[in-house]
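Next come the chains, spelled out residue by residue.
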Amino acid sequence: MFSCFSLRNCRQLTGAVGVCAVVVVSSLRAGPMNLVDKPLAPRSGSGGTSMFTLMPAEATGVVTENSYNDPKMWGEHSQE
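Here goes a summary of the coordinates provided. Treat the numbers as computed from the prediction; the structure is a model and nothing was measured. (Residues numbered from 1 in each chain as written. Predicted model: local features only at pLDDT ≥ 70, side-chain atom pairs only at ≥ 80, totals over all residues. Heavy atoms only, no water.)

**Here's the deal with the overall build of the protein**
Check the secondary structure of the protein and you find two helices and zero strands. Put simply, the protein has 80 residues, and 0% of those count as buried. Put simply, the protein shows about 8600 Å² of open surface, and 61% of that area lies on carbon and sulfur atoms. (Helix = DSSP H or I, 4+ residues; strand = E, 2+ residues; numbered from the N terminus. Buried < 20%, exposed > 50% of the residue type's maximum accessible area, 1.4 Å probe, protein only. Areas by Shrake-Rupley, 256 points an atom, 1.4 Å probe, with all protein chains shown as cover.)

See below:
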């Protein structure tokens with residue numbers, strides 16, 4: 001059914017089959033998991049405005065440069 005091109009491939013296949021067998025057998029022995037169905041909690045916070053605000057770089061200490069802000073990058077330099 002399967003043809004192994006090298007000893008390494010045969011060992012990997014045997015290992016994968018062994019792992020699958022262990023998972024199947026252990027899941028069969030575990031029995032039912034007693035899952036409980038209950039509704040989600042109501043949404044928190046106000047639904048109108050965003051909880052996030054724009055913070056200036058000076059306040060956060062995170063200063064970066066947008067190196068993708070070059071119009072040529074999306075035209076001349078694009079390699080699609």
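**Looking at the environment of alanine 57**
On the secondary structure map, alanine 57 appears in helix H2 (residues 57–60). Discounting chain neighbours no more than four positions away, the residues touching alanine 57 are Val62 and Val63. (Contact = heavy atoms within 4.5 Å.)

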